[in-house]
Structures are given as C-alpha cells and as structure tokens.
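# Descriptive analysis of the structure
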Number of protein chains: 2
Amino acid sequence: MAGLQGPIDLGALAPDTERLAADLAALAAYRDPDAPGWTRAVFTDPYRAERGWVRDRMRDAGLEVRVDAAGNVIGRLAGASPSAPPLVTGSHTDTVHGGGRFDGVVGVLGGIEVARRLRETGTRLTRDLYVIDFLGEEANTFGISCLGSRAIAGALTGSHLDRRDADGRRMGDVMAGFGADPDGALRQAWAAGGVHAYLELHIEQGPVLERQGVPLGVVTAIAGIERLLVTFDGRADHAGTTPMTERRDALAAAAQAVLTIERTACGAPVHAVSTTGRIESLPGALNVVPEQARLWAELRSVDAGWLSGVKGALAGQIATEAAARGVEAATEWLTDQGPVPTTPSIQDQIAHTADELGIRWTPIPSGAGHDAAHMTPLGPLGMIFIPSRGGRSHVPEEWTDLAQIALGVHVLAATLTTLDTAG
Amino acid sequence: MAGLQGPIDLGALAPDTERLAADLAALAAYRDPDAPGWTRAVFTDPYRAERGWVRDRMRDAGLEVRVDAAGNVIGRLAGASPSAPPLVTGSHTDTVHGGGRFDGVVGVLGGIEVARRLRETGTRLTRDLYVIDFLGEEANTFGISCLGSRAIAGALTGSHLDRRDADGRRMGDVMAGFGADPDGALRQAWAAGGVHAYLELHIEQGPVLERQGVPLGVVTAIAGIERLLVTFDGRADHAGTTPMTERRDALAAAAQAVLTIERTACGAPVHAVSTTGRIESLPGALNVVPEQARLWAELRSVDAGWLSGVKGALAGQIATEAAARGVEAATEWLTDQGPVPTTPSIQDQIAHTADELGIRWTPIPSGAGHDAAHMTPLGPLGMIFIPSRGGRSHVPEEWTDLAQIALGVHVLAATLTTLDTAG
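Residues numbered from 1 in each chain as written. Chains lettered and ligands numbered in written order. Predicted model: local features only at pLDDT ≥ 70, side-chain atom pairs only at ≥ 80, totals over all residues. Heavy atoms only, no water.

### A few points about helix α3 (residues 105-120) of chain A
Rules: What counts as a helix is a DSSP run of H or I of at least four residues, what counts as a strand is a run of E of at least two, and both are numbered from the N terminus. Here a helix's expected span is defined as the number of its residues, less one, multiplied by 1.5 Å.
In a regular helix each residue adds 1.5 Å, so 16 residues correspond to 22 Å; α3(A) covers 22 Å between its end C-alpha atoms and thus fits that length. A:Gly122 occupies a position one or two residues after α3(A) and carries a positive phi of about 65°.

### Quick look at the confidence of the model for chain A
For clarity, the threshold we go by: What pLDDT conveys is the predictor's confidence in a given residue, as a value from 0 to 100.
Across chain A, the average pLDDT comes to 95, with 98% of residues at or above 70. Confidence metrics for the complex model read pTM 0.85 and ipTM 0.85.

### What to know about the relation of the copies chain A and chain B
The two chain copies are related to each other by a rotation about an axis together with a translation along it. Applied cut-off: Least-squares superposition aligns the copies on the C-alpha atoms of those residues with pLDDT at or above 70 in both. What makes two residues a contact is simply this: any of their non-hydrogen atoms within 4.5 Å.
If you rotate chain A by 180° and push it 0.0 Å along the axis, it lands on chain B with an RMSD of 0.1 Å. Here the two chains are linked by the operation of a two-fold rotation axis. For chain A, the minimum C-alpha distance to the rotation axis belongs to A:Ala255 and amounts to 2.2 Å. Looking at chain A, 100% of its interface residues are interface residues in chain B too, so the copies touch through the same face.

### Here's the deal with the pattern of salt bridges
When the charged atoms of two side chains with opposite charge come close together, those side chains can pair. The cut-off we apply is this: The rule for a salt bridge is simple: a side-chain nitrogen of Lys or Arg has to be within 4 Å of a carboxyl oxygen of Asp or Glu. Relative accessibility thresholds used throughout: buried, under 20% of the residue-type maximum; exposed, over 50%; partly exposed, between the two (1.4 Å probe, protein chains only).
Considering all chains together, one arrives at 50 salt bridges over all chains under this definition. As a salt-bridge pair, A:Asp23 and A:Arg116 come within 2.9 Å of each other at their nearest N and O atoms. In this pair, A:Asp23 sits in helix α1 (residues 17-28) while A:Arg116 sits in helix α3, placing the two residues 93 residues apart along the sequence. On the basis of relative accessibility, which here comes to 7%, the residue A:Asp23 falls in the buried class. Two residues, B:Arg51 and B:Asp133, come together in a salt bridge whose shortest N-O distance is 3.4 Å. With B:Arg51 in helix α2 (residues 45-60) and B:Asp133 in strand β4 (residues 129-134), this residue pair connects regions lying 82 residues apart in the sequence. The same class applies to B:Arg51 as to B:Asp133, namely buried.

### Here's the deal with the pairing of β4(B)
All names here are of chain B. Rule in force here: For two strands to be treated as a pair, DSSP must find no fewer than two bridges joining them. Whether a crossover is right-handed depends on one test, that the path from the first strand over the helix to the second runs clockwise when the strands point away from the viewer.
Within β4, six of the six residues are buried, leaving the element largely enclosed by the surrounding structure. The alternating pattern of β4 places Leu129, Val131 and Asp133 and Tyr130, Ile132 and Phe134 on opposite faces, both of which are buried. Bridge count between strand β3 (residues 87-92) and β4: six bridges; the pairing is parallel. Bridged to Leu87 within β4 is Leu129. The parallel pair β3 and β4 is bridged by helix α3 (residues 105-120), and the resulting crossover is right-handed.

Quick look at the structure:
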C-alpha cells in the first residue's frame, strides 16, 4: 500500500464498488413521485432533500462541507499545503424531467468516493481537493443551465436572476426561496487561474464508447451551442377554398426548415448535431392555412469555425426557402456559447494514467454541455467519460454498468493524485 | 310590375341595396368584444343577441318565425298552396374566431331580402318559402359543424351531443343552456324528399370568381373532407450527443409528412387541397430529440375517387417515409364526408336565370363545406357563389362588394321564383 512516502500505488485507489452501488441506489431514491424516471429538478423538494443527503455523505467521507451563496455544495479535503492552488472535481445531481440515475451523479458520488479512498489508503495530497455538487446544471424553467458553475466562474449575472419562468416567477426569488443568496452569488467568483486543475467524471450520454468497445473517453472539447428561434409569418386562408398555388402556408415553410436544419449537421466534417426540438403553428385549426409557425432549434459542434459558418448561412437559407412560399422567416439567435477545448496537458495526464492502470481509452468530443465548460477561466480542465448503454441519456433508460462506473472513478482518483504533484 | 297574373318580371326582384347595406352593418355590430374581427361563435352571448335581431328582421319582413328544437331560426313566407313541398333558402350567422362579415350572413340576410321583395312586388309564390338561419355551421369547440342543418336532415346523433370540449363540457348540455332542446333536436328531421328545392347564396371564400372576373358562380359540387391525425413515435435522445445517423427523430418525420401531405393535392387533376393545420412535438425541449410528434391535416376534393385513392395511399406513404427514419407513424382518420354534387336541374335553373338577367356566370366547385351539403336527403339543391376579394375568408379582411352581394340576392330571388313553378 502507498503512504505519504514513495511512489503512490495508483491501483490501490480503486473504489469500493459495493459502497458506490449503495450510494447510487440511495441517491436515486430522491425523486419527484409525480414525474417519470428520476426527476429531480433544481429548486424542488426532492432536490433539496437529496442534497442534504450529499452533504451528510461528504461529512462522513471526512470532507469539510459548506454551501456557497449560489447553493453549490462544496466539500474540502485538506491537503498538506492548503495555500497551493487546489484540485477540484465535481458535477451535479439535478436531472431533467424524466431523466436517469447517472448523468451528473457519477461525478459527485465519484468525487466523494475518491476522497474516501485517499483517506483510507493514507494518500495525503499536497493540495486541497474540493468535491463540488454544482447547483442546477440542467437547463431549468428559466432557460438557464449550469447555475452553480457559472456563479463560481463569475459568469452568473443580474439579468440571469431577473429571468422569469412561464408562471412569471423571477429566478432570483426562487433561488432565495430555495435558501440560496442570489445577490451574494453574483459576488463570489473564484479568482481566475486559481485552480490547479479541474477534472470531471461524467457518462458519455452518447453511443461512441459503447460502439467502439472502449471503457474510457478522454474528452477533447465540449461542443459549442447555438440556439435559435425562427418565426414564420404567412397568411391565414380558408383551407378548403384556397388553391395550393395561392397559399402562404407558414407551417409548410417551417416543416421545410426542420429538414434544412437537420441536413445542416449531416454534412459537418466533425461531430456536429442539429435538432429542432419544438414547433408550434397558429391558429392551429384544421380548416385554416397556418398563418404563423415557430420553431426552436439548436446546433452543436466542437468546431467553432463550422458553428460560426453555419450561423452565418442558416438563417439566410431558411429565409430564402420560406420566401419561395411567400412566407417571411425571421431568425433570432437565443444562445451563443463557443466550444470549449479541454487542456491538452490534462488530456495527456488522464491518458497516461489510464495507460498506467491498463485501461483502454479513446479521445472523444462532448456533444453535451457540462459544468466543466464554465470552469475555463479558473485553470486547466479535463473530463473523463464512461460509456452510456445504447447512447441513451436524459431518459429513464439511461444506464452505465457499475463496473464501468468504478473504472471511471478509479481513473478520476488516480489522475487527481498524479495531477497533485504535476505541473 | 309583375303581379299574380302573367309572366313574372324577374328584373323587378332586384334587392333594395341600401336596406341590404344597413342590415349587413347592423348584424356586424353583434360581435365578441374580446376577440379579433367579427367573432360570433355558436352558443355565445353575441350570437344569441344577433339571432334575436334576425328574428325581428324576419318578422318585419312578414315571415312567420319559429325556432326549432335544434335552435334553427326558421321564417315562413306562406305560399298559395301550403301543402306543396316548400322552397327553402338559408345559411348561417355564426362565424369562426377572427372571422369576417359575409360568410353565411349574405345567405341569411339575402333570404330575408328576397321575402321582402316578393311581398313588395306582390309576387305571391305557389309554395311556402322557408328562410333559415341554421344553428352553428362553423366547426365548434366540440369538433362539429353544421349543427342545425344536420338536425333538419336527421344527421345529428346522440354521440354528437355527448361530445365534450377541452373544458369537459358536454355539447348537449351547452345546447340546452343556450335554450335549445337537444333531445328534441334528434327527433325533428324533416321528411326525406319533402323539399321542392334548397338554394343557398354564399360567398365563394376562394379567388376563382375574382380572378376570372365573373360575378356569379353556379356551384357544381361541395368538396368532401377527409381529416386525419398522424402520430409519430420516435425515441427521445440527448440532442447534443446523439449522432445524426442514430436518431429516431419524430419531429423530423412529421416535418417530412407535412411536405408529403402538401404535395398530395398539388398533383390532383381537379380542385383539391391538402393542409396540415396543426402540429405538436414532445417533450418539446430544445436539448432533446423529439420522441413524439402529432399532426392534424385535411384533404378536400369534389372528386370522390381521388379522395378515396389518396386516403388509401397517404397513410402508407407517410409510414414508409417515417420508417426510413426509425419512426413509427400511425394514421387515424377523424372525419369522412364524401363530396356532395349539387342537383343538375337546379344548376341549370340558376344558370338560366342568370342568363335572363344578363349576368355572367361560371360553374365552380366549393372547397368549403356548407349547410347545403347536409340538405341532400331532403330534395334537389343548389348553391350560388359571389366573389370574395383576394379569395380571403375566415379572416377579418373577408370582403365582398355591396353591388356583388345585391347581384347574388337578385339571382337568388329570381331563381327561387322560377323554381316555384318548375319541375
């Protein structure tokens, strides 16, 4: 066994698989009883209760626990040199409506298990290790994701707090009702460059690792997202009497745009996706040619050049195709978040550690957004992916085998330990 | 001037244009103050008040007025031989949400004006003339149109009365609350073949007459309608991580179907239209590949063979195209109403009368449904169309010039008078 002296036995940091399984099961018990799957939305009672459980687990693991103004649960394992820039790991425990048991959760429980194994093996790090359960990573009813990591990075703004949901509630007020201090959250950004390394373990949420039969992904970049709302203005006409050639059918124009948006990513040179998630038509009567239609779509890619090229061309293409039908199409860009490359030296360290442990790995882009993307200003960052069965995520069927999770937690522990003294 | 003796001077039956204009303006004042355009939905207060005004106008015109169990307002101008099968004319005064001032209204006010002119010119008909303001012709919130004409034809059923709207209200109860006798309405069908001729004046609601520069249309047939609901079942996946090639995107399949449905009528040999009026996708989140989508569409044609051919092929085509995307498409046919040809002898009589009056006319199909379509079992039927500016209808911009309306009312009066002694 490795102690404070001599080279560390990375193999000894393997997690206690049964304890991990028990934690996963215990956390999964916190869920909205009136919603499908494992629903634990930010600011709800099941989420509040579950995070109380997380705080208890952190304390049991020997972490010093605090909840910051933004509502992030932060556990600290003191290192030998507390003044050195800390190591940070973490993820989130909120879920989408009808979500699963692993998205985010493996990163938080994995971080707690790493702290336990470090103590149990007597592996005292030089640096402090923070394990964070970030507040509300999933897009919430106010249209904002990654609340907690934004706050830590200084990217949460007053206009975020002023956003209102469909019921007219202000997000800042809802945060305060949840027990957070929203105004304080705007003033608690960590110092830029103050983190030695941020490392996040997460399920892939896609099919690549499973398809390649590789148990570990070293994330190369987190995809950028461009979200758009397109409004189509045509003309309402009697659907029985207006000849096909004299219509200005807003819904037909929107349908064509759905297929145009779909084709956009099909032709991309690297991983890119384009999705129309929602559509509406007005007045919505069977006997009236639709006067207006709206669609909400998103484009994602790890290639900033491709994203900006598409952003420049897509609205014009949709407008031209709609104009051929006498329909006006106006595109509003809702979100603009560039791709975030992970830090090459951290990628190398993860890969090297996996090699040391005899675990096969592959470089992989992340199509999903993560808290990690917001940690960029604070220091070097990396992400470790483990497989998702069938690539499914954000659904109750989301699944990763316990052995796969344990392997990911092992690499997380070993890489953090290696990074402690690296650079 | 023509009296009871000798040939009738059809020219003398021309309406009093100023009186017609005043009636149109007075009726248009009854509208829902909280809705756009001229909104007067069945069972609402503005509709109730407006039909009280119609009853008064009928009485002023010398008609004997009754309201039947279904809520039809029926005015009778007694003929010389009351036992002879009567002449019937009429239309409706309810409107769609945000509708206009002419759809239906010109047929009711035109019928009342015909009665006035017959009396004023001393033209006593042999037969009784009924002028009917049919209850609720437009599709209502219970999904049923032509309530009044269905009741008169014996086509209103108990299952119609049991239908519920989005608020769970039963249509029969709402009818009763409006003052009608819904159960009585099921037992008041007129005798089959008991009508000498039914003739309805209506705006075209399409652009054909205006485009051809012809002031009068002799309706050849009323289009049949096939309405369908298609449900697309795909798979919910993370929109950021699921490659384009591994998706089962229900909304993309639905979008393709919208364009397939549109193309269907574009290739029809005679007047046919196909419209997707409404679409939905679930879960409707921007970051989830849509799991389910639904669309509601309709096909209309005066050609029963084309309609049944399309009905037989369309669902299969949509299902095949969706299957290529891994999406299941299930089509449910909601309404099946065959085309209704008008009676050739009545078409001839309208055309002949127009020729006599020196009015140009053209044969024209009706893409819209009408109360007339339900009158088939009762006897011969015909319809007269007058132009709609820009073909617009079911919108506030709906417009027909007063001179065009007066011309239609003149042809209505003259044709009814001619039919009185014909056949």
